[in-house]
Amino acid sequence: DLGAVQKTSGESKLCGDYFECFRNADGSDMIVISDGMGTGGRAAVDSAMAANLFSTLIRAGLSCEAALKITNSALLAKSKEETLATLDVARLDPYSGQVSLYKAGGAPCFVLRKGRTAVLEQTSLPAGILRDIHFASAQTELTRGDILLMVSDGVLVDDGEWIHKALRSWRGDAQGLAEYICALSESRRGAGRADDITVICAAVHAAEN
């Protein structure tokens, strides 16, 4: 069960975040979030380019590492000016519950497993800086009742403990949780702090006969 919410920064009509969710040819479910540098039009172009190109390459059968290298090269060649975009990727196997996470500068992920929460965070650089780039990766396994929460860095306020509490107490669907996390983040922002927000929730249910 997937839920997604996106909000632009301030009065801007263009969001500097971009995401894609799709079923891959191997049967896995893919979630891709990209966050362009800054906000507004330029960030929107960079994040859309990064997420779209990466997703297209994955659909064509490339590995995540190979797709990252091509996307990175495209961002480096796009402009003489600095062009940066994060890539935060999750590959979920709906048959085994295995989740593989790949981060190139992405924000931390949050996981609810068997009633307990954890943060999955890896240090990495976004695409568009260096010619040689690699994902930081991690794996986990989800089962019925577990939740994977992916966010852009605009969601993160304070120490993030409020996200853990929200995950542990939530009893609704994935879309409702995404909207709730977004609303909580907006309510906790200080004056003058504005950034684009993307929240994606993946909740695991038992298969129906």
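Structure first, text after, so check above.
These notes cover the structure that comes with them. Note that this is a predicted model, so its numbers are computed, not measured. (Residues numbered from 1 in each chain as written. Predicted model: local features only at pLDDT ≥ 70, side-chain atom pairs only at ≥ 80, totals over all residues. Heavy atoms only, no water.)

### Quick look at unusual backbone geometry
Part 1: With a phi angle near 55°, lysine 114 is a residue other than glycine that sits in the positive phi range.
Part 2: Mapping lysine 114 onto the fold places it in the loop between β6 (109-113) and β7 (116-120).
Part 3: Look at aspartate 158: it is not a glycine, yet its phi comes out positive at around 60°.
Part 4: As for its placement among the helices and strands, aspartate 158 is situated in the loop between β9 (147-151) and α3 (161-169). (Helix = DSSP H or I, 4+ residues; strand = E, 2+ residues; numbered from the N terminus.)

### A word on the packing of aromatic side chains
Pairs of aromatic rings are described using the distance from one ring centre to the other and the angle between the two planes.
Part 1: Under the counting rule described, the total for this entry stands at three aromatic pairs.
Part 2: An aromatic cluster is present here, built from Phe54, Tyr102 and Phe135 joined pairwise through their rings.
Part 3: Sitting over the face of the ring of phenylalanine 22, arginine 59 holds its NZ or CZ atom 4.0 Å from the ring centroid. (Phe/Tyr/Trp six-rings, centres within 6.5 Å; stacked < 30°, edge-to-face > 60°. Lys NZ or Arg CZ within 6 Å of the ring centre and 35° of its normal.)

### A word on the sheet that holds β7
Part 1: Taken in spatial order, the five strands of this open sheet run β1-β10-β9-β6-β7, and their pairing is antiparallel. Two strands close off the open sheet at either side, each with one partner strand: β1 (2-7) and β7. The mean angle between the axes of side-by-side strands here comes to 15°, regardless of whether they run parallel or antiparallel.
Part 2: In terms of strand pairing, β1 meets strand β10 (residues 197-203) through six bridges, oriented antiparallel. Bridged to glycine 3 within β10 is cysteine 201.
Part 3: Against the sheet, helix α4 (residues 174-188) makes contact with β1, β9 and β10, and its axis sits at roughly 30° relative to β1, the strand it touches most. (Pairing = 2+ DSSP bridges. Axes fitted to C-alpha atoms, helices over the stretch in contact; angles between N-to-C directions. Contact = heavy atoms within 4.5 Å.)

### Comments concerning the packing of α3 against α4
Part 1: Close contact between α3 and α4 brings their axes to 11 Å; oriented N to C, the two are set at 150°. In terms of their interaxial angle, α3 and α4 are classed as roughly antiparallel. The two elements α3 and α4 meet at a crossing, and its hand is right-handed. Residue-level contacts link Trp162, Ile163, Ala166 and Leu167 of α3 to Leu177, Tyr180, Ile181, Leu184, Ser185 and Arg188 of α4.
Part 2: In terms of residue class, the contact of α3 with α4 is made up of eight nonpolar, one polar and one charged. (Parallel < 35°, antiparallel > 145°, perpendicular 65-115°, else oblique. Left-handed = near helix turned anticlockwise from the far one by under 90°. Nonpolar A, V, L, I, M, F, W, Y, C, P; charged D, E, K, R; others polar.)

### A closer look at the state of the cysteines
Part 1: Following the criterion strictly, the structure yields zero disulfides and no others.
Part 2: Free of any disulfide, cysteine 21 has its nearest cysteine sulfur in cysteine 201, 11 Å distant.
Part 3: Among the residues examined, cysteine 21 registers a relative accessible area of 34% and is labelled partly exposed.
Part 4: Residue cysteine 182 stays outside any disulfide, its sulfur separated by 10 Å from that of cysteine 15, the closest cysteine. (Disulfide = S-S within 2.5 Å. Buried < 20%, exposed > 50% of the residue type's maximum accessible area, 1.4 Å probe, protein only.)

### Details of the nonpolar core
Nonpolar side chains in soluble globular proteins tend to end up buried together.
Part 1: Of all hydrophobic cores here, the largest spans 22 residues; its most connected members are Leu149, Ile181 and Val199.
Part 2: Leave out the neighbours within four places in its chain, and isoleucine 181 touches Leu149, Val155, Trp162, Ile163, Ala166 and Val199.
Part 3: One finds Phe54, Leu57, Tyr102 and Ala104 within the second-largest nonpolar core, a separate group that totals 20 residues. (Core = buried A, V, L, I, M, F, W, Y, C linked by side-chain atoms within 4.5 Å.)

### Topic: the environment of isoleucine 147
Part 1: You can see isoleucine 147 is positioned in strand β9.
Part 2: Sequence separation of isoleucine 147 and leucine 2 is 145 residues, and the distance between their C-alpha atoms is 9.9 Å.
Part 3: With sequence-adjacent residues up to four places away left out, isoleucine 147 is seen in contact with Phe110, Val111, Leu112, Leu167, Leu177, Ala202 and Ala203.

### Observations regarding a nonpolar patch on the surface
Part 1: Residues Leu125, Ile129 and Leu130 make up a contiguous nonpolar surface patch of roughly 250 Å² in combined accessible area.
Part 2: For leucine 125, the location among the structural elements is in the loop between β7 and β8 (136-141).
Part 3: Judged by relative accessible area, leucine 125 falls into the partly exposed class, the value being 43%. (Patch = residues over 30% accessible without salt bridge, like charges linked within 9 Å, V, L, I, M, F, W, Y side chains within 5 Å. Areas by Shrake-Rupley, 256 points an atom, 1.4 Å probe, with all protein chains shown as cover. Salt bridge = Lys/Arg side-chain N within 4 Å of Asp/Glu carboxyl O.)

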